[in-house]
Amino acid sequence: MSQRGYMNSLYEGSNGCIGYAFTDAKDDFLQTELDSSSIDVLNWNILKGDRRSWERDFERISHRMDLVLIQEAYLKSNVLDALKVDQMGWIFSAGFFYAANNVPTGVLTASYVRPLYCRALRAMEPILRTPKSSLITKYKLSDSDEVLLVANVHAINFCLGTVSFKSQALELKREMESHSGPMILAGDFNTWSANRLKSLEEVTSELNLRAVKFKVDHRRKFFRKPVDHIFYRGLEVTQSKVIRVKSSDHNPLIVTFRIAEKLRLFSHELSEYGLI
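Please read all numbers here as calculations on a predicted model, not as lab measurements.

1. Topic: the sheet that holds strand β8 (residues 131–140)
- Read from one edge to the other, the open sheet built from six strands follows the order β7-β8-β9-β10-β14-β11, with strand pairing classed as mixed. The open sheet has two edge strands with one neighbour each: β7 (117–124) and β11 (210–211).
- By the bridge criterion, seven bridges tie β8 to strand β9 (residues 147–154) in an arrangement that is antiparallel. When the bridges of β9 are listed, K140 appears paired with V147.

What follows is the structure in structure tokens.
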């Protein structure tokens, strides 16, 4: 399908989100719930898909993922074609549109499961005056009454001090703190300074989130500090890895989660009593 055809197929969702579904019903995806026993998550800043080998790497790495979180998703034809391969639906939060071709760039979350909710957030880069976007989505989990919240973030990069960075983090916190269930917070947080990392950790601590650890940590570093992170709560990590690539200036992060045992047992007890 041409880029124009894709763009004509986009539909405006609620709360500033833009979506694309591969079924005839614009608000429908192929599945209704995530498998709570195994949720494969890919997080990757794709550098707009500009490098020659990106499509090949993306097809290989994203295959059979349950949730694909992309930063710098520039919706030109090669990115849209790559997203089509596994026939995932997706939700998009635009940072801005390029004036030359009216094509947006931002963050994108793809899945086979139709989200229950989405909300797009934007924060202005103080120096460049171009917005950075974030995206909140929520998904039903199988065999559970829990709902998974997923936050896909591209954090402010170019600013003096941390005031704007903290402001964006606090806006995310306000959106997320009312959710009582499991969470995943992931993205390119541009934590290239100790003060930025400290500001982020203050927010994740208040939300009771833990950082995913990587035994072999190939995350790309700027000023010797990793900028890509995945945080979680109410879940257990069964596998985590970072894949080295040359098709972006960031390496993709892959994590497999399952719902935490105590939450699974609690949901099972509610089910036994006919409460869910």
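2. With respect to the state of the cysteines
- Applying the stated criterion to the full structure yields one disulfide.
- Disulfide pairing places C17 opposite C118 at an S-S distance of 2.5 Å. Negative torsions about the S-S bond denote left-handed disulfides, and the value of about 135° found for C17 with C118 makes this one right-handed. One end of the pair, C17, is in the loop between β1 (11–12) and β2 (18–20); the other, C118, is in strand β7, with 101 residues separating them in the sequence. C118 matches C17 in its accessibility class, with the two residues each being buried.

3. What about helix α2 (residues 54–62)?
- Restricting attention to buried positions, one finds in α2 the residues W54, D57, F58, I61 and S62. Viewed along the axis of α2, the buried residues span an arc of 105°, placing them on a single side of the element.
- Buried residues in α2 make contact with β3 (39–45), β4 (67–74), α3 (77–84) and β16 (253–259).
- Where α2 ends, the next residue or the one after it, R64, has phi of about 70°, a positive value.

4. Description of the nonpolar core
- F58 and L108 are the most contacted members of the largest nonpolar core, which has 28 residues in total.
- Sorting the residues of this core by element identifies β3, α2, β4, α3, β5 (89–97) and β6 (104–111) as the ones contributing at least two each.
- Each residue touching F58, except ones within four places of it in the same chain, is listed here: L42, W44, H63, V68, I70, A82 and L83.
- Of all hydrophobic cores here, the second largest spans 22 residues; its members include L67, L69, L141 and Y232.

5. Let's talk about the layout of surface pockets
- Its volume calculated, the largest pocket comes out at about 420 Å³.
- Lining of the largest pocket is provided by 24 residues; of these, K48, E72, K132, H154 and N157 occupy positions nearest its centre.
- Elements supplying a minimum of two residues to the lining of the largest pocket: β5, β6 and β8.
- Residue classes in the lining of the largest pocket are distributed as nine nonpolar, 10 polar and five charged.
- A volume near 230 Å³ is recorded for the second largest pocket.
- Lining the second largest pocket we find 14 residues, and of these L197, E201, A211, H229 and F231 sit closest to its centre.
- The leading source of residues in the lining of the second largest pocket is helix α5 (residues 194–206), at three residues.
- In terms of residue class, the lining of the second largest pocket is made up of six nonpolar, three polar and five charged.

Rules used in this analysis
Residues numbered from 1 in each chain as written. Predicted model: local features only at pLDDT ≥ 70, side-chain atom pairs only at ≥ 80, totals over all residues. Heavy atoms only, no water. Pairing = 2+ DSSP bridges. Helix = DSSP H or I, 4+ residues; strand = E, 2+ residues; numbered from the N terminus. Disulfide = S-S within 2.5 Å. Buried < 20%, exposed > 50% of the residue type's maximum accessible area, 1.4 Å probe, protein only. Arc of directions from axis to C-beta. Contact = heavy atoms within 4.5 Å. Core = buried A, V, L, I, M, F, W, Y, C linked by side-chain atoms within 4.5 Å. 1 Å grid on protein atoms, 1.4 Å probe; cavity = no way out; pocket = protein on both sides within 12 Å on 5 of 7 lines; lining within 4 Å. Points joined across faces, edges and corners; volume = space filled by probe spheres on them. Nonpolar A, V, L, I, M, F, W, Y, C, P; charged D, E, K, R; others polar.

So yeah, pure geometry; function would need other evidence.
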